[in-house]
Every structure is written in C-alpha cells, then in structure tokens.
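# Chain and residue survey
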Amino acid sequence: MAKIVNSFRNFVTGGPMQLAMREWRMMGKWRGPLSAVAFGALLGVTGPFGSQTSLGPAVRYPFWMIIALVGFGAAAAAGRVLPSTSPGRRTATRIVAVAAASAVPMTFFVAWAMGVVRPGRTFSPVQLLALFPYVALVQLLIARVISPDDQMPDDQIAVAAPAEQPAAAPEYPSEFVSKLPVALRRDILALEAEDHYVRVHTLHGSALVLMRLADAAAIIDPRLGLRVHRSWWVAKNGVRAVERSPGRAIARLVDDTAVPISRTYLSAARTVLTD
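To keep things clear, this report deals only with the structure shown in the data block. Not measured: the values here are computed from a predicted model.

### What about the overall build of the chain?
- The number of helices and strands found in the chain is 10 helices and eight strands.
- Split into buried and exposed, the 275 residues of the chain put 38% on the buried side.
- Nonlocal contacts in the chain, meaning residues at least 24 apart in sequence, comprise 52% of its contacts between residues at least 6 apart.
- Split by element, the accessible area of the chain, about 15900 Å² in all, is 60% carbon and sulfur.

### Topic: a nonpolar patch on the surface
- On the surface, a cluster of nonpolar side chains totalling about 270 Å² of accessible area is made up of Val104, Phe108 and Phe132.
- The topology assignment puts Val104 in helix 6 (residues 92-117).
- We classify Val104 as partly exposed; its relative accessible area is 43%.

### Quick word on the sheet that holds strand 2 (residues 197-202)
- The antiparallel open sheet is built from five strands, whose spatial order is 3-2-1-5-4. Among the strands making up the open sheet, the edge pair consists of strand 3 (205-210) and strand 4 (225-229). Taking the axes of each pair of neighbouring strands and ignoring which way they run, one obtains an average angle of 20 degrees across the sheet.
- Pairing between strand 4 and strand 5 (residues 232-235): four bridges, direction antiparallel.

### Considering the pairing of strand 3
- Bridge analysis of strand 2 against strand 3 gives six bridges, and the strand direction is antiparallel. Each bridged residue has a counterpart across the sheet, and for Tyr197 the counterpart in strand 3 is Leu210.
- With antiparallel pairing between neighbouring strands as the criterion, strand 2 and strand 3 make up a hairpin whose turn holds two residues.

### Some details on the pattern of salt bridges
- According to the stated counting rule, one finds six salt bridges in the structure shown.
- Arg199 serves as the salt-bridge partner of Glu194, at 2.8 Å between the closest nitrogen and oxygen.
- Given a relative accessible area of 22%, Arg199 falls into the partly exposed group.
- Here Asp256 ties to Arg240 by a salt bridge, and the two come within 2.9 Å at their closest N and O atoms. Remark: Arg240 occurs in strand 6 (residues 239-245) and Asp256 occurs in the loop between strand 7 (248-253) and strand 8 (258-260); sequence separation between them is 16 residues.

The rules behind the values
Residues numbered from 1 in each chain as written. Predicted model: local features only at pLDDT ≥ 70, side-chain atom pairs only at ≥ 80, totals over all residues. Heavy atoms only, no water. Helix = DSSP H or I, 4+ residues; strand = E, 2+ residues; numbered from the N terminus. Buried < 20%, exposed > 50% of the residue type's maximum accessible area, 1.4 Å probe, protein only. Contact = heavy atoms within 4.5 Å. Areas by Shrake-Rupley, 256 points an atom, 1.4 Å probe, with all protein chains shown as cover. Patch = residues over 30% accessible without salt bridge, like charges linked within 9 Å, V, L, I, M, F, W, Y side chains within 5 Å. Salt bridge = Lys/Arg side-chain N within 4 Å of Asp/Glu carboxyl O. Pairing = 2+ DSSP bridges. Axes fitted to C-alpha atoms, helices over the stretch in contact; angles between N-to-C directions.

Pasting the structure below:
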C-alpha cells in the first residue's frame, strides 16, 4: 500500500497532473467520473491487494476503474450525509471522516467484487476487518481529490467581504468653526496668534477668535496642517511653497502671505508641506 500512496501523491501533487486535476474540477459534473477513471487506471497499474499477479490486465484495469467509480460515489454520498463544516476550506478532519464513513460499505463491495473476478474467493469477518484499513486508505485519497483545499465547497457560496470605506476627509472641529462668521468658515489658510486671540486667515478675509493658538492647534486634525512658528499655524492646502533663504524660511500661502517658519518646526514643515 505504500506504493499506492507514493504513486498517488505524485499523481495528485505533480505539476502537470495538478494542472490536469484543476481542469477536471472546472468541468463540474464530470469531475468525479473523470477523476475516478484516472484513479482506477492508476490502481490498475500499481495492482494493490495482490491483483498485479492474480489478475490479468484485461480484468485488472476494468476491475479497479469500477472500484474507483463506486468509491467516488460512496465518498460523495458520505460527504452529503455528514454535517457540513464551517464556511471556507474543508478541514483535514472532515476528509478523514468522509473516508472512514465511505470505507465501511466499500469494504463489503471490494470483498464482493474480488469474489466476482476470482470465483470462490470469500472473506471471513476477520479478513473483512483486515481489509478495512486498506480500503479506508484508498477512500482517504479519493476524499482528498473530491475535497480540494484550493476552492470553496460546491454547496457554499462565497460572500464577498464589503470593500473598506475610504477614510473620511478631515474637517475643522465645529467648536472652532462655529466661532467664525459664516462667510469665513471655509478656505482657511492660516491661524495667527494675537494676544489671547487667534486671527483666522481665509481666502475671503480674516476674523478674530477668542482662543489661544496652542488650544486651536490641539483640536484641529493634524492632517489639515501644522504649527510652523510659535505665532503661526498653517493649513496644508493653503501653502503654495516653502521658501528658504540664508537664515530664513517661510511658507508662502496661496494669497501670497509670507508666514515665518522657525527652526524648531522647519524639519516637520518641510516634510508635511512639500510632500
């Protein structure tokens, strides 16, 4: 039987034969019969259970093809009767269960078939018990073929996972925007500290808000902009360019306002505003 296992492993996992089996699986209802014929032919070549010497080729090949066809049918029936596993790939445990369940009737069938091709050959209960492990091994290989691990079970429909929603665009917090005149609640360019106030610069003008610059910068989404000076915060979309000159760096806003960038914030400003 070790010869059967090794031969069938090469048959199933080898590159060309694996491709052939995938093509058979795509053929739907013909997958089982075609696989059974191929498997039966392989058993005819290897001649397990002493059939290599006791049966001639004209009998041995049809015999094993019939055994394989019935074995595939028994495994398929066992797969339908046994409880289904969780959605997804069939587990090794289920494959073993299908093989064991289908091997019970197949043991009696193989014993009967051996008596047909070899008249007078009978099996005692003890011999049937000894035959069962060999039949179970063949059924295990068959169950593996009809329960491939590279596709979903035929009776289960894969449900596509919902696509991840894109991250929402960052917005200015309502507790900050609500302090501005309605006309200035959009197109914010920069915030400038003026004593205990913040001057909000927009494309449509500016307004003072009673709030410290540090507090305003703390509640605004960092994706919208960053602090570039102890007295300035700039909106990322409001900066046209970062300009350097000896001893000075500025953020040029889209309205041509020049905002100073201190050395403390220069590295972060260049990373965020020039990417």
